[in-house]
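Analysis of the macromolecular model
Given next are the chains, with one letter for each unit.
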Amino acid sequence: VYKRQVLQTSWVFYKKNEYDKAIQSLTPIEKTHPHPEIVYNLLGQYYFREKYFEKGKKYFEKVIELDNENFRAFSQIGFYYLMQKNIQKGLQFLKNAQKLNQYDALTHRNFGIYYAIQKDFLTAYHHFDTAIELNPSLELVHYYYAIAKLTNHEKEDAIAQLLISKRYNEPEAISKLEGLKE
């Protein structure tokens, strides 16, 4: 019961954008939880939101060591490599994630990012639309969709996506919107 409460408390901190508190709350049960892959997955996600991508990636690698069919961990590591501009390695991890689960919204979001980097905007938009269809409140999907729209000089559509992202209280969207107003 205690460990479940810790997981729930960490999630509450996370949803309030208090990522450091979310991380701190999980640290005591990291090694003692009966399913450490759950804790590692959350820690990886929390570190990514804090923009400590290297730390987050290490937790997702631990998840894969314990569960080599964890498509979300593969997708997150693919995202990591995309952000590091190691596009081909990112694509490899995304393909692994997709093989494991072709209906994962996060993987579609990350494929959208990949195709936007490749400037294949129609394919990127398809993946963002699919991610939104699968999970409309998926973190940062509207934000990255907006970035793709901005890159393709579609400012009005980008602003619409940022406004949706803002509704989900995503700080990146709020600051990007303020920058567009100037």
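Counting from 1, residues in each chain are numbered in the order their sequence is written. Totals for whole chains, interfaces and linings use all residues, but because this is a predicted model, local features are given only for residues with pLDDT of at least 70 and pairs of side-chain atoms are given and counted only at 80 or more. The side-chain figures draw on all heavy atoms in the structure; neither hydrogens nor water molecules are used.

**Focus: the packing of aromatic side chains**
The condition is simple: Only rings of Phe, Tyr and Trp enter the pairing, Trp through its six-membered ring, and a pair is recorded when the two centres are within 6.5 Å. The plane angle decides the type: under 30 degrees is stacked, over 60 is edge-to-face, the rest tilted. Working definition: helices are DSSP H or I runs of at least four residues, strands are E runs of at least two. Numbering for both runs from the N terminus. Working definition: with a 1.4 Å probe on protein chains only, accessible area under 20% of the residue-type maximum means buried, over 50% means exposed, and in between means partly exposed.
Per the stated rule, a full pass over the model turns up 20 aromatic pairs. Judged by centre distance (5.6 Å) and plane angle (40 degrees), the rings of Tyr125 and Tyr145 are tilted. A residue pair is termed long-range when its members are at least 10 positions apart, and Tyr125 in helix H8 (residues 121-134) and Tyr145 in helix H9 (residues 141-151) qualify at 20 residues. Across the pair, exposure class does not vary: Tyr125 and Tyr145 are buried alike.

**Things to note about the packing of helix H10 (residues 155-167) against helix H11 (residues 171-181)**
For clarity, the threshold we go by: Whenever a helix is involved, its axis is fitted only over the stretch in contact; in every case the axis is a line through C-alpha atoms, and angles between N-to-C directions fall within 0 to 180 degrees. Crossing handedness is defined as follows: a turn of the near helix away from the far one that is anticlockwise and smaller than a right angle gives a left-handed crossing, while the clockwise case is right-handed. The contact definition used throughout considers only heavy atoms, calling two residues in contact when any of these lie within 4.5 Å. Three classes are used, and their members are as follows: Ala, Val, Leu, Ile, Met, Phe, Trp, Tyr, Cys and Pro are nonpolar, Asp, Glu, Lys and Arg are charged, and the others, Gly among them, are polar.
Here H10 crosses H11 at 145 degrees, and the two axes come no closer than 9 Å. In this structure, the crossing between H10 and H11 has a hand that is left-handed. Between H10 and H11, the contacting residues are Lys155, Ile159, Leu162, Leu163, Ser165 and Lys166 on the first element and Ala173, Ile174, Lys176, Leu177 and Leu180 on the second. When grouped by side-chain class, the residues that make up the contact of H10 with H11 number 7 nonpolar, 1 polar and 3 charged.

**Some remarks on the pattern of salt bridges**
For clarity, the threshold we go by: The rule for a salt bridge is simple: a side-chain nitrogen of Lys or Arg has to be within 4 Å of a carboxyl oxygen of Asp or Glu.
Within this structure, the stated rule accounts for 10 salt bridges. One salt bridge in this structure joins Lys51 and Glu172, with 3.4 Å as the shortest N-O distance. Placement of Lys51 in the loop between helix H3 (36-49) and helix H4 (53-66) and of Glu172 in helix H11 is noted, with a sequence separation of 121 residues between them. Taking the relative accessible area as the measure of exposure, Lys51 reaches 48% and is therefore partly exposed. Given a relative accessible area of 14%, Glu172 falls into the buried group. The closest approach of N and O atoms between Arg72 and Asp104, which form a salt bridge, is 3.3 Å. Residue Arg72 is located in helix H5 (residues 71-83), and its partner Asp104 is located in the loop between helix H6 (87-100) and helix H7 (105-117); the two are separated by 32 residues in the primary sequence. Connected through shared salt-bridge partners, Arg49, Lys51, Glu139 and Glu172 make up one network.

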